[in-house]
Structure formats: structure tokens, C-alpha cells
Amino acid sequence: MRIGINASFLRKPGTGIGQVSVNFLRKLAEFSISHFRFPDKEQVDFFLYCEEEPTLDFVLPGNFHLRPFLPWWKRDDVARKILWERRVAREASKDQCDVFISLYQAGTVLPKKMKHLMVVHDIIPTLFPVYRGNWRQRYAWRGVEEGIRRATSIVTVSQATKNDLIELGVPAEHITVAYPAVAPIFRQTLSSETSARVLKKYELTAGYIYHGGGLEVRKNTESLLLAYASLVHTYTQSPRRQLPQLVISGKIHSRQNPLATDVVKLVHDLHLEDTVRLLDFVPEENLPALYAHALFFVYPSRYEGFGLPVLEALCMRTPVLTADNSSL
């Protein structure tokens, strides 16, 4: 049997879909080593279609074949995504795959003879029109909706997303809910040396309020900063009361990006430079310590397919303040 896997998000391990992709392949590799070592088992070959050669902290068995490629359009935008998902279907056909697995919701349309299992994390552009702000985004998302409807079966990460898919017209019997787990690093004991190193790196003192998980407008960081500014004003009226510092991590996007919160401008306009720390992107190996030494983790997202940062914080025994919506 030949199984193709769209592993495009291996190049973005800091995202939720990237984490799911990496850890799915880690477990699949472990299973393959233990399951297929017996001579009576059918040989299964896995073809991993990637946009670049991945850097993994585990070894892929010999029956895993990397197929890195980029379409002719190299700029990382909607056009490349559309071209990638069309070409990956052709590559899977050339490799004569019997089954194809998309590790995220994709517009890949495969030959009818090839079974297609698709992991759907969310259908955010269907629910939030701002994610369909131009004709390219609208065209791409129509393709994704078509890909979802034509998939042989769907695995989704929460009951909330399953309900959304049913509203989209996908039969309930075609959908299986399988909850993702956090990366192994969030299950390990955190050493005092690691804690000290991370706190020193970011010039932090334990007891701050922490917010992370991305700075898309959907994550609602603007409301968090407005609320925090109100608290700062209240607390400064009494010299005996001190508000914990607010620490925010996440890639700071261009001010021209309509889907990202301009946190730099907000912090400046709200006069929070002395009480808010913007860390920019934080690699995964530093996140456990950031969670563990926070007074609490705040995640006021307006919508999540699952919301891995909440589970990561809880695994580090950190209290969480989050929104009461979607999977949250």
C-alpha cells in the first residue's frame, strides 16, 4: 500500500497545525517501526509531500519517502498555496498512492480511485468573512470547501469544528473527532536551570500575566490590551497596589496585514510601554518555562478549532483565563 501525506505545515512548526503535523508523523514513524517489522505485515510506503526539506528531531524509517518541492510561484502567499495543492495531487498520482492524507483543510482534489482522509482543524474563513477579504482568498477558500466536501472521510480536532462542518453540509457520519495532544516538551519535568535560562533570556521575573498563541485579529489581543490599560489606570490610583506585568509572545506582523493586530501601535497608543513586554516569536523549547512562571495564561480568542495554547498552559499547571466560545 502507498500512502501520500500533505505535510506542508512541517515548515511552520510554531503553528497549531504545524505541531499536529510534526507529532502525527512522530507517532506514525514509531508505529511503523513496531508494526511493520513482522514479515507477515503488508509493506506500507509513506510519501511525505513538503514545501521544503523538514528539520525533525526524530528519524523517519526507511519506508518514509520525502518529496519536497515548490510550485513555480515561490512567494509564500495564497497563489502559492493554490498551486501547491494542485501539484500535490499530481505528485500523489505519479507515486500511485492508494490513500492520501491531508493534515489540514486543503483544496486538494484527487482522482476518485484515491481515498482521501482530511484533517480539518477549523473553517475560520467560512465563519469570519475578513479572512476572505480579496478575490484570491475567496477563490482559495471556495476550493477548500470543495476539497472538504469531496474528501472520503474527515478527522476533526473538536466537537465544535464537527458541528461547524455539519452546518457546512458535511454528513455527520463522515466525520470523526480525534483530540490532539500537546508536544512532548509540555509533558516533561521543567528543570530549574531551564527556567532560569528562559527568564534571563527574556528579562522576566516570575508572576507575570502571559498571553501567546498568535496575534491574528481573531485572537482578540486588542481587547486584552484595552482591558489591561483600564486595570493599569485603576491600580495607579493606589501606590500600595501593583499590577503584574503583561507579557505577550507571537510573531509581530507588518502593519499592512489586515488579519494581524498591530500590538506595537496599541501598546504605544495606550501608554503601556512600561508594563507590557512584547517578546515577538518564541521558539517552542522556551514556551514551557514561560507558561510555568506566569501568574496565569490569558487567551481571549473569539474562535478556535481547538486551542492548543490552553492545553499547553494547563499541562504546565498554569491557570487559564479564556473565552467561552467555540472549542474553548
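How each quantity is defined
Residues numbered from 1 in each chain as written. Predicted model: local features only at pLDDT ≥ 70, side-chain atom pairs only at ≥ 80, totals over all residues. Heavy atoms only, no water. 1 Å grid on protein atoms, 1.4 Å probe; cavity = no way out; pocket = protein on both sides within 12 Å on 5 of 7 lines; lining within 4 Å. Points joined across faces, edges and corners; volume = space filled by probe spheres on them. Helix = DSSP H or I, 4+ residues; strand = E, 2+ residues; numbered from the N terminus. Buried < 20%, exposed > 50% of the residue type's maximum accessible area, 1.4 Å probe, protein only. Polar contact = N/O pair within 3.5 Å; in protein donor to acceptor, adjacent residues only side chain to side chain. Contact = heavy atoms within 4.5 Å. Pairing = 2+ DSSP bridges. Axes fitted to C-alpha atoms, helices over the stretch in contact; angles between N-to-C directions. Core = buried A, V, L, I, M, F, W, Y, C linked by side-chain atoms within 4.5 Å.

K.L.:
Looking at this model, I keep getting lost on the layout of surface pockets. Mind explaining?
P.N.:
A water-sized probe, rolled over the atoms, reveals where empty space remains. Computed from the structure, the second largest pocket encloses a volume of approximately 430 Å³. In this structure, the second largest pocket is lined by 20 residues; those nearest its centre are Val20, Asn23, Phe24, Pro180 and Ala181. If you list the elements that add at least two residues to the lining of the second largest pocket, you get helix H1 (16–35) and strand S5 (115–120). With 8 residues, the top contributor of residues to the lining of the second largest pocket is H1.

K.L.:
Just to check I follow, could you spell out the side chain of His116 for this structure?
P.N.:
Within the element layout of this structure, His116 appears in strand S5. His116 gets classed as buried once you look at its relative accessible area, which sits at 5%. Polar contacts involving the side chain of His116 include one to the side chain of Ser102, which spans 2.7 Å. When residues no more than four places from it in sequence are discounted, the contact partners of His116 are Phe100, Ser102, Thr108, Leu110, Ala151, Thr152 and Ser153.

K.L.:
What is the right way to read the sheet that holds strand S2 (residues 45–50) from this model?
P.N.:
Picture the strands of a sheet paired through backbone hydrogen bonds; they go either parallel or antiparallel. Pairing within the open sheet is parallel, and its 7 strands lie in the order S3-S2-S1-S4-S5-S6-S7. Only two strands of the sheet have a single neighbouring strand rather than two, namely strand S3 (64–68) and strand S7 (175–177). Across the sheet, the mean angle separating the axes of adjacent strands is 20° when strand polarity is ignored. Taken together, the 5 bridges between S2 and S3 define a ladder with parallel strand orientation. When the bridges of S3 are listed, Phe47 appears paired with His65.

K.L.:
Before we go on, may I ask you to explain the environment of Gly16 in this structure?
P.N.:
With respect to the element layout, Gly16 can be found in helix H1. Judged by its relative accessible area of 33%, Gly16 is partly exposed. Distance in space between the C-alpha atoms of Gly16 and Val182 is 9.6 Å, their sequence separation being 166 residues.

K.L.:
Hey, could you run me through the nonpolar core in this one?
P.N.:
Note on soluble globular proteins: their nonpolar side chains tend to be buried together. Counting residues in hydrophobic clusters, the biggest one holds 24 residues, and the most contacted among them are Leu204, Tyr208, Tyr210, Leu290 and Tyr291. If one sorts the elements of this core by residue count, helix H9 (residues 287–292) sits on top with 4 residues. Dropping the residues within four chain positions of it, Tyr291 is found in contact with Phe186, Tyr210, Phe297, Pro309, Glu312, Ala313, Met316 and Thr318. By size, the runner-up hydrophobic cluster in this structure holds 19 residues, among which are Ala7, Val22, Ala29 and Phe46.

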